[in-house]
Amino acid sequence: MKNIHIKAVALVATAFFIQSCKEQAPIDTSGATTQQIEVAIDHYAINVNDLERSVDFYQKIFGLQEIEDGTEQPHIRWFRLGSTQELHIIEVDSLDKRIPKGVHLALAVRDFDRFRESIINYNLDYYDWPGTKNAISTRPDKVRQLYIQDPDGYWVEVNDGNQF
C-alpha cells in the first residue's frame, strides 16, 4: 500500500511538472517534432482508516462539496476540489504510512486570513514550512502558506496563491 501511494504522488508531481512546462516540443534527430502531451489534474485520492471521520474533517475545514461517486462503492466518497478536480477519500482495512510534509496536497483559498481564523476556532494546529506550530510561511514569491494534518496524518498546504 505504501508503494502505491508513493507511486501515485510521483505521478501527480510528474503531471504538475508536465503541465508547468510551456516550452516548444523538442525536435528529434530526424527533424520531426515530438507531439506534446496535454496533462491536467483529475483527482487526488487518499486512503483513510475511518471514512466518516475524514469526510467530516474535509467538509468542516474546507467546505468541500460531495459529488457522485462513480465507483458506487460504500467505502469511497468523492468531493469537488476546485472547479474540475476531485478528492477521493477511500476507507481501507489497514493503513500503514509515513508521509513527509514535502508530499502534500496544496489548496489555495480566496481569503487566507479568514481560513486561518476558522482553523484557530476549530482548535486545529497548523505549522509553517520549517515546522513551527501556529506560524505561517511566506514563500519568495510572496505567497503565504500554512500546513495542517488531516486525521490520518496527510499534510495539506493552504495558501493564498493566485488561483482566484
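One structure accompanies this document, and this report is about it. Quick caveat: nothing in here was measured; it's all calculated off a predicted structure. (Residues numbered from 1 in each chain as written. Predicted model: local features only at pLDDT ≥ 70, side-chain atom pairs only at ≥ 80, totals over all residues. Heavy atoms only, no water.)

With that settled, consider the overall build of the protein. Within the protein one finds three helices and eight strands. Secondary structure elements of the protein occur, N-terminal to C-terminal, as α-β-α-β-β-β-β-α-β-β-β. Across the 164 residues that make up the protein, the buried fraction comes to 37%. Here the analysis covers contacts within the protein between residues at least 6 apart in sequence; of these, 53% occur between residues at least 24 apart. In the form shown here, the protein has an accessible surface area of approximately 10,700 Å², with 50% of it arising from carbon and sulfur atoms. (Helix = DSSP H or I, 4+ residues; strand = E, 2+ residues; numbered from the N terminus. Buried < 20%, exposed > 50% of the residue type's maximum accessible area, 1.4 Å probe, protein only. Contact = heavy atoms within 4.5 Å. Areas by Shrake-Rupley, 256 points an atom, 1.4 Å probe, with all protein chains shown as cover.)

Evaluated as defined, the whole model comprises six aromatic pairs. Taking 5.9 Å as the distance between ring centres and 75° as the angle between the ring planes, the aromatic pair formed by Tyr127 and Trp155 counts as edge-to-face. Taken together, the positions of Tyr127 in the loop between α3 (112–121) and β6 (137–138) and Trp155 in strand β8 (residues 155–159) put the pair 28 residues apart, joining distant regions of the chain. Given the relative accessible area of 13%, Trp155 is considered buried. (Phe/Tyr/Trp six-rings, centres within 6.5 Å; stacked < 30°, edge-to-face > 60°.)

What follows covers helix α2 (residues 51–62). Its 12 residues give α2 an end-to-end C-alpha distance of 16 Å, which sits within 8% of 16 Å, the value for a rise of 1.5 Å per residue. Along α2, the residues that are buried comprise Leu51, Ser54, Val55, Phe57, Tyr58, Ile61 and Phe62. Along the axis of α2, the buried residues cluster in a sector spanning 160°; they form a single face. For α2, the side-chain oxygen to backbone nitrogen distance between the N-cap and Glu52 is 3.2 Å, and the N-cap itself is Asp50. Positive backbone phi, at 65°, marks Gly63, one or two positions downstream of α2. (Expected span 1.5 Å × (residues − 1). Arc of directions from axis to C-beta. Polar contact = N/O pair within 3.5 Å; in protein donor to acceptor, adjacent residues only side chain to side chain.)

For a regular strand, the rule is simple: side chains alternate between the two faces of the sheet. Among the seven residues of strand β4 (residues 85–91), five are classified as buried, and the element is accordingly described as predominantly covered. The pairing of strand β1 (residues 43–48) with β4 spans six bridges and is parallel. In the sheet register, His43 faces β4, and the bridge partner there is Glu86. As defined by bridge partners, strand β3 (residues 76–81) adjoins β4 across six bridges and the pair is classed as antiparallel. Counterpart to Trp78 in the pairing with β4 is His88. Linking β3 to β4, which pair antiparallel, is a turn of three residues; within it Gly82 sits at a positive phi near 80°. (Pairing = 2+ DSSP bridges.)

With that out of the way, let us pick up unusual backbone geometry. Positive phi, close to 55°, is recorded for Asn123, a residue that is not glycine. Its location among the elements puts Asn123 in the loop between α3 and β6. For Lys142, which is not a glycine, the phi torsion comes out positive at approximately 75°. Position of Lys142 among the secondary structure elements: in the loop between β6 and β7 (144–149). Residue classification places Lys142 among the exposed residues on the basis of a relative accessible area of 65%.

Coordinates in, geometry out; function isn't part of it.
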